[in-house]
Each structure stands twice: as C-alpha cells, then as structure tokens.
Amino acid sequence: AWSWDKRPYVETKQVRDPARFKPDLPPPDAHTRGMRLQDGKPVTRALNEVMTEMLTIMRDAIDTLPILPHNPGCGWDQGEPACDFGCET
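Residues numbered from 1 in each chain as written. Predicted model: local features only at pLDDT ≥ 70, side-chain atom pairs only at ≥ 80, totals over all residues. Heavy atoms only, no water.

1. Concerning the overall build of the protein chain
Then, number 1: Each helix and strand counted, the protein chain has two helices and zero strands in total.
Then, number 2: Across the 89 residues in the protein chain, those meeting the buried criterion constitute 24%.
Then, number 3: Sequence-distant contacts, at least 24 apart, represent 48% of the contacts inside the protein chain between residues at least 6 apart.
Then, number 4: Roughly 6600 Å² of accessible area belongs to the protein chain as shown, and the carbon and sulfur atoms make up 56% of that amount. (Helix = DSSP H or I, 4+ residues; strand = E, 2+ residues; numbered from the N terminus. Buried < 20%, exposed > 50% of the residue type's maximum accessible area, 1.4 Å probe, protein only. Contact = heavy atoms within 4.5 Å. Areas by Shrake-Rupley, 256 points an atom, 1.4 Å probe, with all protein chains shown as cover.)

2. Things to note about the environment of Lys6
Then, number 1: With respect to the helices and strands, the residue Lys6 is situated in the segment before helix 1 (12–16).
Then, number 2: For the pair Lys6 and Pro23, spaced 17 residues apart in sequence, the C-alpha to C-alpha distance is 8.8 Å.

3. Digging into the side chain of Asn48
Then, number 1: With respect to the helices and strands, the residue Asn48 is situated in helix 2 (residues 45–63).
Then, number 2: Judged by its relative accessible area of 4%, Asn48 falls in the buried class.
Then, number 3: The residues contacting Asn48, other than those within four sequence positions of it, are Pro26, Pro27, Pro28, Ala30, His31 and Val43.

4. Side note on helix 2
Then, number 1: Over its 19 residues, helix 2 extends 27 Å from the first C-alpha to the last, a length consistent with the 27 Å expected when each residue adds 1.5 Å.
Then, number 2: Among the residues of helix 2, Asn48, Met51, Leu55 and Ile62 are the ones counted as buried. Taken down its axis, helix 2 places every buried residue within 65 degrees of arc, on the same side. Turned more than 90 degrees from where helix 2 packs its buried face, Arg45, Glu49, Val50, Glu53 and Ile57 sit exposed. (Expected span 1.5 Å × (residues − 1). Arc of directions from axis to C-beta.)

5. Remarks on the pattern of salt bridges
Then, number 1: Summed over all chains, the structure comprises four salt bridges.
Then, number 2: With its nearest N and O atoms 2.8 Å apart, the salt bridge here joins Lys22 to Asp63. Placement of the pair is Lys22 in the loop between helix 1 and helix 2 and Asp63 in helix 2, with a sequence separation of 41 residues.
Then, number 3: Residue class for Lys22 comes out partly exposed when judged on its relative accessible area of 23%.
Then, number 4: On the accessibility criterion, Asp63 (44% relative accessible area) is partly exposed.
Then, number 5: Residue Arg33 is joined to Asp29 by a salt bridge in which the shortest nitrogen-to-oxygen separation is 3.4 Å.
Then, number 6: Judged by relative accessible area, which is 34%, Asp29 ranks as partly exposed. (Salt bridge = Lys/Arg side-chain N within 4 Å of Asp/Glu carboxyl O.)

6. Focus on the environment of Ile67
Then, number 1: With respect to the secondary-structure elements, Ile67 resides in the segment after helix 2.
Then, number 2: A residue is classified by how much of its surface remains accessible, and Ile67, at 59% relative accessible area, is exposed.
Then, number 3: Contacts of Ile67, omitting those with residues within four sequence positions, involve Arg16 and Asp17.

Structural data, given as structure tokens:
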C-alpha cells in the first residue's frame, strides 16, 4: 500500500532537513491495483497522474531547500534562541 499525509511535516527534523523526508510517489499502477483514497474514491489513471505530477513538483521543490543548521539555533527546538526569520513555534 502507498500513503502520504502532509500533516506530520512540521516536526523539527523535517523542517531542518526536508530532503530526507520527501514523500514517495504513488505506484504507477495504482489505478490497476484497486487502490482508493481515504474518502473511498477509486484511484483512476487520471487521478494517479495528477497525484504523481503534484508530488513530483513538491519533491523537486524540496530538493531546492537548504538544510537548517542546529547551531546557532533556529527556534524550532525547545530552549533554542529565537532566530530572525520569525518562524518560532
């Protein structure tokens, strides 16, 4: 089975080094394997193509993101000093 959920992508490890956590692409034959979305809709060839294109664009964008260093802190971990980017949790 294949799955991807955007909600867990807010952990410190994913924010600091997003390329290590790129979403997998759906299987090319998902439409022939009887796969369904979470809401029960069947994965058609067209839907699988759209999901693959969307995730390919996301993966390519993730590849352009830098690794955020741990030192100095970025404000994502508890006790780190706040940074100038205003992204503190």
